[in-house]
Amino acid sequence: MELSEKTALVIVDAQQALYEPDMGALSNPDFEMQILDLLTLWRARHWPVFHVKHTSHEPASPYFSLSPSCEFIEKTAPVAGEPVVGKEYASAFLNSALGSMLRMDGCEQLVICGAHTHKAVDATVRHASGLKFETYVVSDACAAADQTDLSGRLWNGEDVHLLALGVLNEDYAKVISMQDIFSSI
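Rules and cut-offs
- Per chain, residues are indexed from 1 in the order of the written sequence.
- Reporting of local features is limited, given that this is a predicted model, to residues whose pLDDT is at least 70; pairs of side-chain atoms are given and counted only at 80 or more, and all residues count toward the totals for whole chains, interfaces and linings.
- Excluded from the side-chain calculations are hydrogens and water; all other atoms, namely the structure's heavy atoms, are used.
- To qualify as a helix, a DSSP run of H or I must reach at least 4 residues; to qualify as a strand, a run of E must reach at least 2; elements of each kind are numbered from the N terminus.
- Between the two quantities, the radius of gyration covers C-alpha atoms and the globule rule is 2.2 Å times the number of residues to the power 0.38.
- To sort residues, take the accessible area from a 1.4 Å probe on protein chains only and compare it with the maximum for the residue type: under 20% means buried, over 50% means exposed, and anything in between is partly exposed.
- The pairing criterion for strands is at least two bridges between them, as found by DSSP.
- The definition of a right-handed crossover adopted here requires that, viewed with the strands pointing away, the path from the first strand over the helix to the second runs clockwise.
- Note on aromatic pairs: the rings of Phe, Tyr and Trp (six-membered ring only in Trp) are paired at centre separations within 6.5 Å, and the planes decide the class, stacked below 30 degrees, edge-to-face beyond 60, tilted for the rest.

Turning our eyes to something else, we now look at the overall build of the protein chain. The helix and strand tally for the protein chain stands at five helices and eight strands. N-terminal to C-terminal, the α/β element order of the protein chain is β-α-β-β-α-β-α-β-β-β-α-β-α. A globule of 185 residues ought to have a C-alpha radius of gyration of about 16 Å, and the protein chain, at 15 Å, matches this closely. Dimensions along the principal axes, computed over C-alpha positions, put the protein chain at roughly 45 × 35 × 30 Å. Taken across its 185 residues, the protein chain has 50% of its residues classed as buried.

What follows is about unusual backbone geometry. Following Ala115, the chain continues to His116 via a peptide bond in cis, the omega torsion being -20 degrees. On the secondary structure map, His116 appears in the loop between strand E4 (109-115) and helix H3 (117-130). If you check the backbone angles, Asn95 has positive phi at about 55 degrees while not being a glycine. If you check the backbone angles, Glu170 has positive phi at about 80 degrees while not being a glycine.

Where a strand is regular, its side chains alternate between the two sheet faces. Burial runs high along strand E2 (residues 49-54): six of the six residues are buried. Burial of the side chains of E2 extends over both faces: Val49, His51 and Lys53 are buried on one face and Phe50, Val52 and His54 on the other. With four bridges connecting them, strand E1 (residues 7-12) and E2 associate as parallel partners. Its bridge partner lying in E2, Val12 is registered against Val52. Read as a crossover between parallel neighbours, the route from E1 over helix H1 (residues 31-45) to E2 is right-handed. Alignment of E2 against strand E3 (residues 84-87), held across four bridges, turns out to be parallel. Directly across from His51, in E3, lies its bridge partner Val84.

Attention now goes to the packing of aromatic side chains. Tallied over the entire structure, the rule returns two aromatic pairs. Seen in terms of ring centroids, Trp42 and Trp47 are 5.3 Å apart; in terms of plane orientation they differ by 85 degrees. Their pairing is edge-to-face. Taken as a pair, Trp42 and Trp47 share a single burial class, namely buried. Between the aromatic rings of Phe93 and Phe133, the centroid separation amounts to 5.9 Å while the plane-to-plane angle is 25 degrees, which identifies the pairing as stacked.

Structure (structure tokens):
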């Protein structure tokens, strides 16, 4: 893996909504700090950063556009000049300009992080693969939450996280760690 000024960092749904009680505990409470480390690295090198913000028109949703919980997590929030891509669906590419924006910046390689691993990160990574982006998912800069399967079994967030990453790895993206990022620079 070689990263360059044409490698975009795509941060998916790093929003206050993740901490709403109905959302459940996150599998990786340190994911914010890992995202901050990635942001610091990308900003220092002046590499492209894209923030994805999920919004809903449903007042009961934690992502309701007029709710404070829809706002970005403060420490990983965009700074001036960093594009924010709004989305209403799981994939950051669906009905958004993200793909065009990345292509206009000459980006063919993506490093994706954020939440939830098994929802928006998964959908975004699969879509990126279909669009032929070379895609990396930073495992320790993502988080999942508990999930109930169709039989009623409750799976803990860490298992959900690891399974989602296992499904994505190799077929849709290369799953890497923060250490892999630092080793490649």
